[in-house]
Amino acid sequence: MTRLHQRLLIGLCVWVPVALAQAADKPPEKPIPVMAAEVSRQPLADRVEALGTLKANESVIITANVTETISSLHFEDGQRVRAGDLLVEMTNAEEHALLEEAKVRAGEAERQYQRVKALVAQRSASESLLDERKRDLDTAHAILVALESRLADRVILAPFDGVLGLRDVSRGALVEPGDPITTLDDDRLMKLDFAVPSVHLPSLVPGLRIEAQTSAHGERVFTGVVRGIDSRIDPVTRTAQVRAILPNPERQLKPGLLMRIDLLVDPRDALVIPEKGLLHKGQDHFVMVVVEGKDGLSVERRQVQIGARQPGLVEIRAGLAQADRIVTDGNDKVRPGQPIDILAGTGVARNSPAATDAEP
């Protein structure tokens, strides 16, 4: 052994014990303060955006059944009416006179019939005469019903509860069948028709929730449910017509409004985490999961599969279980296996024995 080798061996024998002693005296690694959140489960659905136009649940143009002049109007613009309320009376003096005549004739026919019927019972009149009087009575009743119908055609009643539109005629105007007098809309419920791409057809079922907004009401969200789906697909646009129902208790929605719609398809209970807890590397996604050991809390890096996103939240399809805890703030500063302290409120939840000096 040369003199150089002897010196190296002596130096190594001196350095190794010193290095081991220094390593034994080195304090444990200081935990990193972080914020964490539990993986939770909550209702989630995919959103399909669409545009639709509102319609009243029931809507009709009030018009006349006969050509006649208007003698009286019993409503105002925008008035709310009940089913059966009188709206319009048309000139009907002639019909009233003919109706009175028909009532007299019907009464006379009834008396003649009863008289002959009594005579037939006494065998003082023939059955053929009774049949003749019965025919006269039936004819009189038919004429009476026809005149009552003609008179009813000259009175316009509200067919259902709703709100009237603007009046388009005045008293004394001559109207014909088809001429608009006003409109009537049942706005307690509103129909919302919109088109959805046919690729979503398997998910379209009655009962799906929708959320709708319109510029007329700012950021207010109106909710409703799908009532039905059209039986045909449009061969040009390849879309399906969907009809939803929106309650309108405050009568703020009006027919004809354009609405922006979010159709909530595939409703489910999903695992979600705060979006800021997600780390990305290329096409892969990771989270830092809190692990509790005998020496305190540390983290491990775990790959996850994500699904739908909502503001501030992201769905986890695989890689985590409910009640797992992930790092949401500070996840880019910790490495796997490193001890951590979880901040609670305005201070630190000192879950680690070595966390006494950690600051928020």
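Every value quoted in this text rests on a predicted model; they were computed, and no experiment measured them.

1. Describing the sheet that holds strand β8 (residues 174-175)
Spatially, 4 strands are ordered β6-β5-β3-β8 in an open sheet, and the strand pairing comes out antiparallel. This sheet does not close on itself; its edge strands, each paired only once, are β6 (155-157) and β8.

2. Here we look at helix α2 (residues 93-121)
Here α2 spans 42 Å end to end across 29 residues, near enough to the 42 Å set by a 1.5 Å rise per residue. For α2, the set of buried residues is E95, L99, A102, A106, A109, Y113, V116 and V120. In this structure, the buried side of α2 is in contact with α3 (127-152).

3. Some thoughts on the environment of D136
Mapped onto the elements, D136 comes out in helix α3. As for D136 and Q112, which are separated by 24 residues in sequence, their C-alpha atoms are 9.1 Å apart.

4. Looking at the pattern of salt bridges
The final tally for this structure, using the stated rule, is 26 salt bridges. K134 serves as the salt-bridge partner of D138, at 3.0 Å between the closest nitrogen and oxygen. Pair noted here: D138 and K134 are both in helix α3, with a separation of 4 residues, about one helical turn. D138 sits in the partly exposed class, given a relative accessible area of 39%. Classification of K134 by relative accessible area gives partly exposed; the value is 34%.

5. A few points about the nonpolar core
In terms of nonpolar packing, the biggest core is built from 22 residues, with L192, F194, I210, L246, M259 and L263 touching the most fellow members. If you list the elements that add at least two residues to this core, you get β2 (40-63), β9 (180-197), β10 (209-213), β11 (222-233), β12 (239-247) and β13 (258-274). Among all residues touching L192, those that are not within four sequence positions of it are G52, T53, L54, I210, A212, V242, R243, A244, L246, M259 and I261. Core analysis: the second largest hydrophobic core is formed by 17 residues, V66, V88, M90 and V175 among them.

6. Some points on α3
Here α3 is 26 residues long and its end C-alpha atoms lie 38 Å apart, about the 38 Å a rise of 1.5 Å per residue gives. Considered for burial, the residues of α3 that qualify are L130, L137, A140, L144, L147 and L151.

7. What to know about the pairing of strand β16 (residues 296-310)
Where strand β15 (residues 284-293) meets β16, 9 bridges bridge the pair, whose relative direction is antiparallel. Residue F286 lies in a different strand from β16, and its bridge partner there is Q303. The hairpin formed by β15 and β16 contains 2 residues between the paired strands. As defined by bridge partners, β16 adjoins strand β17 (residues 313-318) across 4 bridges and the pair is classed as antiparallel. When the sheet's bridge partners are listed, Q310 is paired in β17 with L313. Taken together, β16 and the strand that follows it, β17, pair antiparallel across an intervening segment of 2 residues, in which G312 is found at a positive phi of about 85°.

The rules behind the values
- Residues numbered from 1 in each chain as written.
- Predicted model: local features only at pLDDT ≥ 70, side-chain atom pairs only at ≥ 80, totals over all residues.
- Heavy atoms only, no water.
- Pairing = 2+ DSSP bridges.
- Helix = DSSP H or I, 4+ residues; strand = E, 2+ residues; numbered from the N terminus.
- Expected span 1.5 Å × (residues − 1).
- Buried < 20%, exposed > 50% of the residue type's maximum accessible area, 1.4 Å probe, protein only.
- Contact = heavy atoms within 4.5 Å.
- Salt bridge = Lys/Arg side-chain N within 4 Å of Asp/Glu carboxyl O.
- Core = buried A, V, L, I, M, F, W, Y, C linked by side-chain atoms within 4.5 Å.

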